[in-house]
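What the coordinates show
The primary structure of each chain is shown beneath.
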Amino acid sequence: MTLHFSVLASGSSGNAFYIGTEKEKILVDAGLSGKQMTRLLSEINIDPASISKILVTHEHSDHVKGLGILARKYNLPIYANEKTWKAMEHLIGKIELDQKFVFNMEETKTFGDIDVESFAVSHDAAEPMFYTFHHDGKKVALVTDLGYVSERIKKTVQGSNALIFEANHDVEMLRMCRYPWSVKRRILGDSGHVSNDDCALALKDIIENETKRIYLAHLSKDNNMKELAKMSVENGLTDYGFPVGKQLTIHDTDAKTPTPLYEVV
């Protein structure tokens, strides 16, 4: 099997992503309980003990809830930048020194036969960053938890065969919901989350001929719906002239159920 991945969980309540090859198996974030993380991995037939390492995007609990438990149980190395390490240490419990590694922002590391590139995003965390994964000419990008999509991010993730991309909220649903204005302002701001419409707008500048699959991720449970997110992004991309449903397909993600393991071809 070549490069393959699954969005294990994605949403306000917890996030985790698996990507691997025969040689290297990488988990990005562990935002659900240790028990739930084990279940999610087993549903795509991955033994947690076979995971090579865990990469962390940022310290918010919906990304690190099960991190410490999983790392201690299976003696897994954790990679995060220094500011994220500092911000999450009190959340994840004691981690042995030989399991702690630094992965700096805007750096590329080679893990087995996968090259991983980190890049900065604008979000209200210590030093949030996400990743692109490269193997044998194939590229997968993971991009959520960002208030806006900068030109630098667009250039970094262009040419991906598959994109896991944030479509957090419908703006009108958010405006009408019962959240306090301070919370709404945070979500809508430059350090918050990307809306359905802004997702389509950003993807317009990112999608290239190689791009075959887009997974809509980190949907708000209160201010979005899978059907609405998919319709908004599909309609937007169709209006921009992309062949949605033909060469390019849009896929849902779920807060509790992993997407089927997909082999990037």
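First, a word on what this report is: a plain description of the structure on this page. All figures in this text were calculated on a predicted structure; none of them were measured in a lab.

Calculation criteria
- Residues numbered from 1 in each chain as written.
- Predicted model: local features only at pLDDT ≥ 70, side-chain atom pairs only at ≥ 80, totals over all residues.
- Heavy atoms only, no water.
- Pairing = 2+ DSSP bridges.
- Helix = DSSP H or I, 4+ residues; strand = E, 2+ residues; numbered from the N terminus.
- Contact = heavy atoms within 4.5 Å.
- Axes fitted to C-alpha atoms, helices over the stretch in contact; angles between N-to-C directions.
- Left-handed = near helix turned anticlockwise from the far one by under 90°.
- Core = buried A, V, L, I, M, F, W, Y, C linked by side-chain atoms within 4.5 Å.
- Buried < 20%, exposed > 50% of the residue type's maximum accessible area, 1.4 Å probe, protein only.
- Arc of directions from axis to C-beta.
- 1 Å grid on protein atoms, 1.4 Å probe; cavity = no way out; pocket = protein on both sides within 12 Å on 5 of 7 lines; lining within 4 Å.
- Points joined across faces, edges and corners; volume = space filled by probe spheres on them.
- Phe/Tyr/Trp six-rings, centres within 6.5 Å; stacked < 30°, edge-to-face > 60°.

Before going further, it helps to examine the sheet that holds strand E14 (residues 262–263). The strand order across the open sheet built from 7 strands is E6-E5-E4-E3-E2-E1-E14, with neighbouring strands paired in mixed fashion. Looking along the sheet, the strands with just one partner apiece sit at the ends: strand E6 (100–102) and E14. This element, helix H4 (residues 82–92), spans strand E5 (78–80) and E6 of the sheet and lies at about 115° to E5.

Time to look at the pairing of strand E7 (residues 108–111). Bridging between E7 and strand E8 (residues 114–120) involves 4 bridges; their strand directions are antiparallel. Residue pairing for E8: Thr110 is matched across the bridge by Asp115.

So, on to the packing of helix H8 (residues 196–204) against helix H9 (residues 226–239). Helix packing for two helices is described by the angle between their axes and how far apart those axes are. Between H8 and H9, the least distance of the axes is 8 Å, while the angle of their chain directions is 35°. Pair H8 / H9 crosses with right-handed handedness. Contact residues: H8 offers Asn196, Asp197, Cys199, Ala200, Leu203 and Lys204, while H9 offers Leu228, Ala229, Ser232, Val233, Gly236 and Leu237.

In terms of nonpolar packing, the biggest core is built from 53 residues, with Phe5, Phe17, Leu55, Phe133 and Leu237 touching the most fellow members. Excluding residues that lie within four positions of it along the chain, Phe133 makes contacts with Leu3, Phe17, Ile19, Val28, Leu55, Ile114, Asp115, Val116, Lys138, Lys139, Val140 and Leu142. Counting residues in each nonpolar core, the second largest holds 26 residues, with Tyr18, Leu41, Ile46 and Leu67 among its members.

As a further point, take H4. What sets the pattern is the α-helix's 3.6 residues per turn: residues three or four places apart point alike. Those residues of H4 not exposed but buried are Thr84, Trp85, Met88 and Ile92. Looking straight down H4, one finds that the buried residues subtend no more than 95° of arc, so they occupy a single side. Seen from the buried face of H4, the exposed residues on the opposite side, beyond 90 degrees, are Glu82, Lys86 and His90. Contacts from the buried residues of H4 go to helix H2 (61–64), helix H3 (67–74), E5 and E6. Phi turns positive, to about 80°, at Gly93, one or two residues after H4.

The space that makes up the largest pocket amounts to roughly 230 Å³. Residue lining of the largest pocket: 18 residues in total, with Ser12, Asn168, Arg186, Ile187 and His193 positioned closest to the centre.

Turning our eyes to something else, we now look at the packing of aromatic side chains. What describes a pair of aromatic rings is the distance from one ring centre to the other and the angle between the planes of the rings. Scanning the entire structure with this criterion turns up 9 aromatic pairs. Judged by centre distance (5.3 Å) and plane angle (75°), the ring pair of Phe5 and Tyr215 falls under edge-to-face. Residue Phe5 is found in strand E1 (residues 4–9), and its partner Tyr215 is found in strand E12 (residues 213–217); the two are separated by 210 residues along the sequence. The class for Phe5 is buried, based on a relative accessible area of 0%. Take Tyr215: its relative accessible area is 2%, and that puts it in the buried class. Each ring, one from Phe5 and one from Tyr262, has its centre 5.7 Å from the other, and the planes form 75°; the classification is edge-to-face. Here the residue Phe5 occupies a position in strand E1, and Tyr262 occupies one in strand E14, the gap between them amounting to 257 residues. Given the relative accessible area of 16%, Tyr262 is considered buried. Among the aromatic residues, ring-to-ring pairing joins Phe5, Phe17, Tyr79, Phe101, Phe103, Phe111, Tyr131, Phe133, Tyr215 and Tyr262 into one connected group.

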